Amino acid sequence: DRRQRQMCIRDRDRGKHYSYVSFVRILVDGYSMLHACGDERPKAPPHSPMARDWLIRTLTLYQDAIHTPVTVIFDGMGSKASKENQEIHPHLEVIYSKGNRTADDLIERVTHKLLAYGQVLVVTNDYAEQNTIFSMGGSVSSCEQFLGDIQTELDRFQSELVQRNKKSRRKA
C-alpha cells in the first residue's frame, strides 16, 4: 500500500484558496535548496561535496517517507562535462547539468515532459524559474516552505515508526 504524498499548495488564481495535489515527481534545484538551508546543513559551503551529500541523504529520507519520486538537479555550469551527469543513488535521482546548461534549463525541460503524466512540484527560490514553471502548469514551492514540509513529514514518519515498533513488541 503505497501512499502518495499530497501537498497543500496555493492556487494563485484564487488568492488564498488551498488545494491538495498528488505529485508524479518533485524536482529540487539543489544549490538553491542548499543556500536556503542555512544552519540546517553541515558547516560547509553550499557548493561543497559535504553539503550536497547531506542534501541527498535528507531528500532520500523524505522520499522514503512520502513515496513520491524526488529528483535533485545541480548546476554543472563551468564544469568540463559534455553531457548531463547522473549520480547513482539507489533511491534518489541526482543530476548535474552539462557545462553550458543551468539546472533551471534542465528543470524546465523535465517539467514540460512530466506534466503529460500529472502534476510536478518544482522547489526553487528563483522567482523567474517559479513563474516559468507556474506558466507551464506546474506547481512551485519556495525552498523554505519545502524545508518545513520535509521536517513535518520526517517527524510524522518517525512517530509512525515508533507506533509500529510498539505494536510489534506487544505482539511478540
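None of these values were measured; they are calculated from a predicted model.

About the cut-offs
Residues numbered from 1 in each chain as written. Predicted model: local features only at pLDDT ≥ 70, side-chain atom pairs only at ≥ 80, totals over all residues. Heavy atoms only, no water. Buried < 20%, exposed > 50% of the residue type's maximum accessible area, 1.4 Å probe, protein only. Helix = DSSP H or I, 4+ residues; strand = E, 2+ residues; numbered from the N terminus. Pairing = 2+ DSSP bridges. Right-handed = clockwise from strand over helix to strand, strands pointing away. Salt bridge = Lys/Arg side-chain N within 4 Å of Asp/Glu carboxyl O. Axes fitted to C-alpha atoms, helices over the stretch in contact; angles between N-to-C directions. Parallel < 35°, antiparallel > 145°, perpendicular 65-115°, else oblique. Left-handed = near helix turned anticlockwise from the far one by under 90°. Contact = heavy atoms within 4.5 Å. Phe/Tyr/Trp six-rings, centres within 6.5 Å; stacked < 30°, edge-to-face > 60°.

(A) Highlighting the pairing of strand 6 (residues 119-123). Of all five residues in strand 6, four are buried; the element is thus mostly enclosed. Across three bridges, the pairing between strand 6 and strand 7 (residues 139-141) is parallel. When the sheet's bridge partners are listed, Val 123 is paired in strand 7 with Ser 141. This β-α-β element, strand 6 to helix 4 (residues 127-136) to strand 7, shows right-handed connectivity.

(B) Structural detail: the pattern of salt bridges. Counting across every chain of the model gives four salt bridges. The salt bridge partner of Arg 25 is Glu 93, with a shortest N-O separation of 3.5 Å. On the criterion of sequence distance, the pair formed by Arg 25 in strand 2 (residues 18-29) and Glu 93 in strand 5 (residues 93-96) is long-range, its members being 68 residues apart. Here Glu 93 falls in the partly exposed class, since its relative accessible area comes to 26%. A salt bridge links Arg 156 to Glu 160; its shortest N-O distance comes to 2.3 Å. Here Arg 156 pairs with Glu 160, and both are found in helix 5 (residues 143-171), just four residues apart, close to one helical turn. For Arg 156, a relative accessible area of 26% puts it in the partly exposed group. For Glu 160, a relative accessible area of 32% gives the class partly exposed. Taken together, the shared-partner salt bridges in this structure form one network comprising Glu 153, Arg 156, Glu 160 and Arg 164.

(C) Examining the packing of helix 3 (residues 103-114) against helix 4 more closely. Running from N to C, helix 3 and helix 4 cross one another at 10 degrees; their axes reach a closest spacing of 10 Å. Of the possible angle classes, the one that applies to helix 3 and helix 4 is roughly parallel. Once helix 3 is placed against helix 4, the crossing between them reads as right-handed. Contact residues: helix 3 offers Asp 104, Ile 107, Glu 108, Thr 111 and His 112, while helix 4 offers Glu 129, Thr 132, Ile 133 and Met 136.

(D) Highlighting the packing of aromatic side chains. The tally for this structure, following the rule as stated, stands at three aromatic pairs. Geometrically, the ring pair formed by Phe 74 and Tyr 96 is stacked, given 5.2 Å between the ring centres and 20 degrees between the ring planes. Note that Phe 74 is positioned in strand 3 (residues 70-74) and Tyr 96 in strand 5, a separation of 22 residues in sequence. On the accessibility criterion, Phe 74 (0% relative accessible area) is buried. One aromatic cluster in this structure is built from Tyr 31, Phe 74 and Tyr 96.

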